[in-house]
Amino acid sequence: MSNIKDVAKLAGVSVATVSNILNNKTSVSEELHQKVIKAMEELDYHPNFLAINLRRKKIGFIGVVVSSLTGHYHQLYEGINQIAKEHRCQPILKIVSSAGEEIKEIESLMQLSVSGIIVVSSYLNEEVIRHYDEAGIPIVFVDHYPVNTVHNIVRFDNHQIVGNLTAELMKQKKTVGLITGSRFLGSEDACVEGYLKNLDPAVQTQPLLFETEFNKERAFSGLINYLCKLEALPDCMIVSAVHLAKTVSEICSMLNMKTVSIYALSGDCWYKY
């Protein structure tokens, strides 16, 4: 891949001259200008104007990675967009539907020279986290976040939210199961702790816990096997992410499990299926 030094060498000018032409910092002769343009075309060199604008502080760019724009995700993005505009910053929105797609979008944002990334994703796994760790720019995780991360986080109190719901269902003499993503995510670990703390042994002697991946296909397969092996279905199932709850709902419908109530955590509230 060609760079600005290659352009300068081919055009027979200094790197500073090429940089000045790209940034419109100085006037040069038409002949010199055309030499630089011709060299860029021959080398197929495309300057990163986003990075140029960022360095010149005309406008800043931040990446926003979301797994949906429904429910509280939409509210979060609206808030991000509003504050960004107040600070003369432009969000670049990336909506992802899988971990693999998220990795590609991280690379895409890095090529656009964003100054940071806000992550509101339900598809985090260890490989995706590694790509964020290696980005070398500020990362902020919202809602789902890794345990012991070095990055900033904005979190909901999943421990209290799940605990309160479990306690309320126990009062109604309901048996309750919990389905979460991997507990290497602090958001999932908090769900488990809140659930376990509020189980009432007089209603339910054993916890019903299932840990799965956020990947839809693998979650679907694992959840079918888990539910079919249960001696008795719980009255209610708490699920840590809306897209997981939709998968559970599909399975219950397919297996004619019509009596199970499914509660999906969405921000600081619950959606019931």
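Source: prediction; values computed, not measured.

Caption draft 1: Broad picture of the overall build of the chain. Scanning the chain from N- to C-terminus turns up 11 helices and 10 strands. Here the chain has a C-alpha radius of gyration of 25 Å; the compact-globule value for 273 residues is 19 Å, and the former is much larger. Reported as C-alpha extents along the three principal axes, the dimensions of the chain are approximately 85 × 35 × 30 Å. Here the chain holds 273 residues, and 46% of them are scored as buried. Here the contacts in the chain between residues at least 6 apart in sequence split such that 64% fall between residues at least 24 apart. Considering the chain, the positive charge centre built from 26 side chains and the negative charge centre built from 30 side chains are found 5 Å apart.

Caption draft 2: How the structure looks around the environment of K246. Examined against the element boundaries, K246 turns out to sit in helix α11 (residues 242-254). A relative accessible area of 44% places K246 in the partly exposed class. Separated by 60 residues in the primary sequence, K246 and G186 place their C-alpha atoms 22 Å from one another.

Caption draft 3: Here's a closer look at unusual backbone geometry. The backbone of D143 sits at a positive phi, close to 80 degrees, despite the residue not being glycine. If you trace the backbone, D143 turns up in the loop between β4 (139-142) and β5 (152-154). With relative accessibility at 5%, the residue D143 sits in the buried group. For K173, which is not a glycine, the phi torsion comes out positive at approximately 60 degrees. With respect to the secondary-structure elements, K173 resides in the loop between α8 (158-171) and β6 (176-180). Given a relative accessible area of 59%, K173 falls into the exposed group.

Caption draft 4: Up close: the side chain of K94. Summarising the element assignment, K94 is placed in strand β2 (residues 89-95). Polar contacts involving the side chain of K94 include one to the side chain of E105, which spans 3.4 Å. Excluding anything up to four places from it in sequence, K94 contacts V64, V65, V66, E105, S108 and L109.

Caption draft 5: The arrangement of the layout of surface pockets in detail. What the largest pocket holds in volume is close to 370 Å³. Of all elements in the fold, only α10 (216-229) and α11 reach the threshold of two or more residues within the lining of the largest pocket. Broken down by element, the lining of the largest pocket gets its largest block of residues, 5 residues, from α11.

Criteria and thresholds
- Residues numbered from 1 in each chain as written.
- Predicted model: local features only at pLDDT ≥ 70, side-chain atom pairs only at ≥ 80, totals over all residues.
- Heavy atoms only, no water.
- Helix = DSSP H or I, 4+ residues; strand = E, 2+ residues; numbered from the N terminus.
- Rg over C-alpha atoms; globule rule 2.2 N^0.38 Å.
- Buried < 20%, exposed > 50% of the residue type's maximum accessible area, 1.4 Å probe, protein only.
- Contact = heavy atoms within 4.5 Å.
- Lys, Arg positive; Asp, Glu negative; His and termini not counted.
- Charge placed at Lys NZ, Arg CZ, Asp CG, Glu CD.
- Polar contact = N/O pair within 3.5 Å; in protein donor to acceptor, adjacent residues only side chain to side chain.
- 1 Å grid on protein atoms, 1.4 Å probe; cavity = no way out; pocket = protein on both sides within 12 Å on 5 of 7 lines; lining within 4 Å.
- Points joined across faces, edges and corners; volume = space filled by probe spheres on them.

Note that every value here comes from positions in space, so none of it alone points to a role or purpose.
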